[in-house]
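# Structural features, examined
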Amino acid sequence: MTSPMRLSVQRSDVLLPEAACTAPRISLRLPSELRVIEEAVDVVAQHCEAEGLCGRRARFQLRVALCEALANAILYGNREDASKHVDVHVTVTDPAFTVEVIDEGSGYNPVSFEAPALPDDLEAAGGRGLFLIRQLVDHVSFNDRGNAICMVLRRA
Amino acid sequence: MMGFSVRKDASGVVVIGVAGQLIVANRHELKEKVAEAVSFGSRKILIDFTDTGYIDSSGLGALVSLAKKLRESGGELRLAGLNEDLRTLFELTKLDTLFTITASPEEAIQGF
């Protein structure tokens, strides 16, 4: 078993222009190491649970979706480059929890994000990550460059 | 925290328990545990998810690869102890049609 990495959490308030108010946000900056994923998911999930995300959404949907997004960012975005980081921002508002994962890679083709499907071959070893994210959260979007994913989970 | 336990049932089935998560960071360890069991001649492998919180797509992919390899060498991989959340993952990805999944490890062992 790996020992905890003691991730550092930054807290801030972000302005929501559309709502003309601010919302609390936590941010983490992660190294591009797969071993950080478990702890990062725990930190984010526990924060969201403390802020009112309940039941299956907190214990399962958020955890798996975030795990997928972090793995993609570390493996495919940053290619496990030790000089690159992954930023995670979690913004809490009344209706929803917004989780952004941003890598420092050159980006992925956003078109291929639109309607991810399961692999044709059921016995394929990969190709299920994006599909799962879309199934587990309420809304997914990507930036134009393709190095940032934004996942939204409604409170209920 | 993540971890794997390995025991051999009286009937010869190797039961590998997954504590915590089966994700990209530890899937290689599960593969190693299965490979070790196979190297000792075991062909009936049960993965027990009774103590598993969640699985990611890498974990699912590892299970698919392991099942295929075992089948090709005349063996069988079964899964047991999936909670409702984990069963949802298998249903969403249609992998519930690929594996023999039982509610309890005992049922899986009896069915080999």
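You'll find the structure just up there.
Residue numbers run consecutively from 1 along every chain, following the written order of its sequence. Think of it this way: whatever chain is written first is A, whatever ligand is written first is 1, and the rest follow in order. Only residues with pLDDT of at least 70 get local features here, since the model is predicted, and only at 80 or more are side-chain atom pairs given and counted; chain-wide, interface and lining totals rely on the full set of residues. Working from all heavy atoms in the structure, the side-chain values ignore hydrogens and water.

If you tally the helices and strands in chain A, you get three helices and six strands. Tracing chain A from N to C terminus, the helices and strands come up as β-β-α-α-β-β-α-β-β. Computed over its C-alpha atoms, the radius of gyration of chain A comes to 15 Å, within 12% of the 15 Å expected for a compact globule of 156 residues. Counting only C-alpha atoms, chain A reaches 45 × 35 × 30 Å along its principal axes. Working definition: with a 1.4 Å probe on protein chains only, accessible area under 20% of the residue-type maximum means buried, over 50% means exposed, and in between means partly exposed. Across the 156 residues of chain A, 49% fall into the buried class. Excluding contacts between residues fewer than 6 apart, the proportion of contacts in chain A whose partners are at least 24 apart in sequence is 59%. Here chain A holds 16 positive side-chain charges and 22 negative ones, and the gap between their average locations is 3 Å. Secondary structure counts use DSSP, requiring at least four H or I residues in a row for a helix and at least two E residues in a row for a strand, with both numbered from the N terminus. Throughout, radius of gyration means the C-alpha value; the globule benchmark is 2.2 Å times the number of residues raised to the power 0.38. When checking whether two residues touch, look at their non-hydrogen atoms; a contact exists if any pair is within 4.5 Å. Charged-residue counts in this description rest on Lys and Arg as positive and Asp and Glu as negative, His and the chain ends being excluded. In plain terms, the charge of a residue is placed at NZ if it is Lys, CZ if Arg, CG if Asp and CD if Glu.

What follows deals with the pairing of strand β3 (residues 44–48) of chain B. All names here are of chain B. In terms of residue burial, β3 counts as a mostly covered element, since four of its five residues are buried. Pairing between two strands requires that DSSP report at least two bridges joining them. In this sheet, β3 lies alongside strand β2 (residues 14–22) in parallel orientation, the contact comprising four bridges. Across the sheet, Val14 pairs through a bridge with Ile45, a residue of β3. Of the pairings in the sheet, the one linking β3 to strand β5 (residues 76–80) comprises five bridges and is parallel in character. Note on β5: the bridge partner recorded for Ile45 is Leu77.

Let us now look at the packing of aromatic side chains. Residue and element names in this part refer to chain B. When the centres of two rings from Phe, Tyr and Trp lie within 6.5 Å, Trp using its six-membered ring, the rings pair. Their planes under 30 degrees apart give stacked, over 60 give edge-to-face, and anything left gives tilted. Scanning the entire structure with this criterion turns up one aromatic pair over all chains. When the centroid spacing of 5.9 Å and the interplanar angle of 80° are considered together, the rings of Phe90 and Phe99 count as edge-to-face. Assessed through its relative accessible area of 1%, Phe90 is described here as buried. Sitting over the face of the ring of Phe112, Arg78 holds its NZ or CZ atom 4.8 Å from the ring centroid. Any Lys NZ or Arg CZ found within 6 Å of a ring centre and within 35 degrees of that ring's normal is scored as a charge over the ring.

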